[in-house]
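Next come the chains, spelled out residue by residue.
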Number of protein chains: 2
Amino acid sequence: MDKVNLAQKLSLFSDYYSPKIVGELNDSHVKLVKLKGEFVWHHHDVEDELFLVIKGTLRMKLFENGEEREVKVNEGEFIIIPHGVEHKPVADEEVHLMLLEPKGTLNTCNVKNERTVADLQAI
Amino acid sequence: MDKVNLAQKLSLFSDYYSPKIVGELNDSHVKLVKLKGEFVWHHHDVEDELFLVIKGTLRMKLFENGEEREVKVNEGEFIIIPHGVEHKPVADEEVHLMLLEPKGTLNTCNVKNERTVADLQAI
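1. Description of the overall build of chain A
Move 1: Looking only at helices and strands, one finds one helix and nine strands in chain A.
Move 2: Helices (α) and strands (β) of chain A occur, in sequence order from the N terminus, as β-α-β-β-β-β-β-β-β-β.
Move 3: Over its C-alpha trace chain A gives a radius of gyration of 14 Å, about what one expects of a compact globule, namely 14 Å for 123 residues.
Move 4: With the C-alpha coordinates of chain A rotated into their principal frame, the extents come out at 45 × 30 × 25 Å.
Move 5: By sequence separation, contacts in chain A at least 24 residues apart represent 68% of the contacts at least 6 residues apart.

2. Quick notes on the environment of Asn-113 of chain A
Move 1: On the secondary structure map, Asn-113 of chain A appears in the loop between strand E8 (87–102) and strand E9 (121–122).
Move 2: Owing to a relative accessible area of 24%, Asn-113 of chain A belongs among the partly exposed residues under this scheme.

3. Things to note about the interface of chain A and chain B
A common way to express how large an interface is: the accessible area buried when the components associate.
Move 1: Of the residues lining the interface, 36 residues belong to chain A; the matching set on chain B comes to 36 residues.
Move 2: Taking both partners together, chain A and chain B bury about 2,900 Å²; carbon and sulfur atoms supply 61% of that area.
Move 3: It is Met-1, Lys-3 and Phe-78 of chain A in chain A that bury the most area against chain B; as a group they hold 29% of the surface buried on that side.
Move 4: Those elements giving two or more residues to the side of chain A that touches chain B turn out to be strand E1 (4–5), strand E2 (20–25), strand E4 (49–55), strand E5 (58–64), strand E6 (67–73), strand E7 (77–81) and E8 of chain A.
Move 5: If you tally residues by element for the side of chain A that touches chain B, the top one is E7 of chain A, at five residues.

4. Considerations on the relation of the copies chain A and chain B
Move 1: For the match of chain A to chain B, the screw axis carries a shift of 0.0 Å, the RMSD comes to 0.0 Å, and the turn is 180°. As the rotation angle and translation indicate, the two copies are arranged about a two-fold axis.
Move 2: Both copies present the same face, since 100% of the interface residues in chain A are matched by interface residues at the equivalent positions in chain B.

5. What to know about the pairing of strand E5 (residues 58–64) of chain B
All names here are of chain B.
Move 1: For E5, a buried count of five out of seven residues is recorded, marking the element as mostly surrounded by other parts of the structure.
Move 2: Relative to strand E6 (residues 67–73), E5 runs antiparallel, the two being bridged by seven bridges. The partner of Glu-64 across the bridge, within E6, is Glu-67.
Move 3: Here E5 hands over to E6 after two residues, with Asn-65 in that stretch at a positive phi of 55°.
Move 4: Pairing of E5 with strand E8 (residues 87–102), which is carried by four bridges, proceeds in the antiparallel orientation. Note on E8: the bridge partner recorded for Arg-59 is Val-90.

6. Let's talk about the nonpolar core
Move 1: Grouped together as the largest cluster of nonpolar side chains are 28 residues, with contacts concentrated most on Val-30, Phe-78 and Met-98 of chain A together with Val-30, Phe-78 and Met-98 of chain B.
Move 2: Setting aside its immediate chain neighbours within four residues, Met-98 of chain A contacts Leu-6, Val-30, Lys-31, Leu-32, Leu-50, Phe-51, Leu-52 and Ile-54 of chain A together with Leu-52, Phe-78 and Met-98 of chain B.

Reading the values: the criteria
- Numbering of residues starts from 1 in each chain and follows the order in which that chain's sequence is written.
- Ligands are numbered from 1 and chains lettered from A, in the order in which they are written.
- Two thresholds apply to this predicted model, a pLDDT of at least 70 for residue-level local features and 80 or more for giving and counting side-chain atom pairs, whereas whole-chain, interface and lining totals are computed over all residues.
- No hydrogens and no water enter the side-chain calculation; it runs on all heavy atoms of the structure.
- Runs of E in the DSSP output that reach at least two residues are strands. Runs of H or I that reach at least four are helices, and both are numbered from the N terminus.
- Atoms counted for the radius of gyration: C-alpha only. Globule rule: 2.2 Å times the number of residues to the power 0.38.
- Residue contacts are defined here by distance: any two heavy atoms, one from each residue, within 4.5 Å place the two residues in contact.
- The buried label applies to any residue whose accessible area, calculated with a 1.4 Å probe on protein chains only, is under 20% of its type's maximum; exposed applies above 50%, and partly exposed to all values in between.
- Values labelled buried area give the accessible surface lost by two parts on being combined, using a 1.4 Å probe and summing over both.
- Superposition of the copies used a least-squares fit over C-alpha atoms from residues whose pLDDT is at least 70 in both.
- In this scheme, strands are said to pair when DSSP sees at least two bridges between them.
- To qualify as a nonpolar core, a set must consist of buried Ala, Val, Leu, Ile, Met, Phe, Trp, Tyr and Cys residues joined through side-chain atoms within 4.5 Å.

Written as structure tokens, this is what we have:
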């Protein structure tokens, strides 16, 4: 059982919007991902997701009570997106995130497109 | 749905070995805790636990394959303790941690003593 160094793991890849598995516990995976640019609007039917910002500022767009809003999530902050909530991550500059979500969660979830990464790599 | 700033939440309490709930997702709680000194040896029968070090150095003592060893977990690093593994967190200086574990997990788990905190506060 070894520890995981976030910076070391983040140094192993440079592709965007392609989460890597760096840990598992209970029914969840811990993932690291780098973002740049806009993702797609999507939601997860049953899974809640945690986004912890390691570097940069994440602009999380989301719909709450029928209204679009945006939450700026900075380094050392996290946001939990409950299942069912439409959201779209936006990264004006490069953003590094630690994600926590149930095993098997697809990154684009209810939307399958060129951004969908079905077979995640463990690093 | 709001973001959580780890430093801000950590500024709200100063007691040791008393985890506070700062988020929930799926069947898990996200907690923050400050440690100083030694905890007790214990294990969790069914829950895996994640310890992410926000500040300081955690010395995680554990038994693996019948042998005691220690993993030094520094800032920006995490360790996952699988269920069943005997472990004892030690903090020579103050350590701040983010924990992730299933709802209802007792901090001392199989051991109930003066360190047990059964009703966790949400902050």
